[in-house]
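One-letter residues, chain by chain:
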Amino acid sequence: MTIDFSCQKCETSFEIDAQDLIDGTEKLICPQCHARAPASIAEDFVSALSEMRAQVAVLGKKFAINMELESEDLVEELDSKKDDEEDELDAEEEDLEEDDLDDEDEEDVEDEDMEER
């Protein structure tokens, strides 16, 4: 399986065999300008690629698999998920603030009841 890359810096397109990345015989480096991904990101990518290949092999016993990933599509999808998660967190924070206000109101009512007695 080959993976097509396009360098963001110089716009050079190049291919790397996935197994070569996994084996470590090939590095993720642009052949034109020598731009490279940070080591930690490259390692995470190779690890995820290795795990994906293993899972595809298991699924391949039941299904034929053909997939195409476009990084631009993934970025938009991840940004959308991030926005949704932030909206959920904001809603949860608002709920907690409302609960705190409700608790304060209940304490005020209890205090007033105690004062009246």
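Residues numbered from 1 in each chain as written. Predicted model: local features only at pLDDT ≥ 70, side-chain atom pairs only at ≥ 80, totals over all residues. Heavy atoms only, no water.

Concerning unusual backbone geometry
Line of reasoning, step 1. We note that Glu11 has phi near 65°; this positive angle belongs to a residue other than glycine.
Line of reasoning, step 2. Mapping Glu11 onto the fold places it in the loop between β1 (2–6) and β2 (13–17). (Helix = DSSP H or I, 4+ residues; strand = E, 2+ residues; numbered from the N terminus.)

Some details on the layout of surface pockets
Line of reasoning, step 1. Taken as a whole, the largest pocket encloses approximately 1400 Å³ of empty space.
Line of reasoning, step 2. For the largest pocket, the lining is made up of 34 residues, of which Ile3, Asp4, Phe5, Phe45 and Ser71 are closest to its centre.
Line of reasoning, step 3. Where the lining of the largest pocket is concerned, the elements lending two or more residues are β1, α2 (39–59) and α3 (71–116).
Line of reasoning, step 4. Take the lining of the largest pocket: its biggest share by element is seven residues, from α2.
Line of reasoning, step 5. Its residues assigned to classes, the lining of the largest pocket comprises 22 nonpolar, five polar and seven charged.
Line of reasoning, step 6. The calculated volume of the second largest pocket comes to roughly 240 Å³.
Line of reasoning, step 7. Every residue along the wall of the second largest pocket is listed here: Leu21, Gly24, Glu26, Lys27, Leu28, Ile29, Arg36, Ala37, Ala39, Ala42, Glu43 and Val46.
Line of reasoning, step 8. Partitioned by chemical class, the residues of the lining of the second largest pocket number seven nonpolar, one polar and four charged. (1 Å grid on protein atoms, 1.4 Å probe; cavity = no way out; pocket = protein on both sides within 12 Å on 5 of 7 lines; lining within 4 Å. Points joined across faces, edges and corners; volume = space filled by probe spheres on them. Nonpolar A, V, L, I, M, F, W, Y, C, P; charged D, E, K, R; others polar.)

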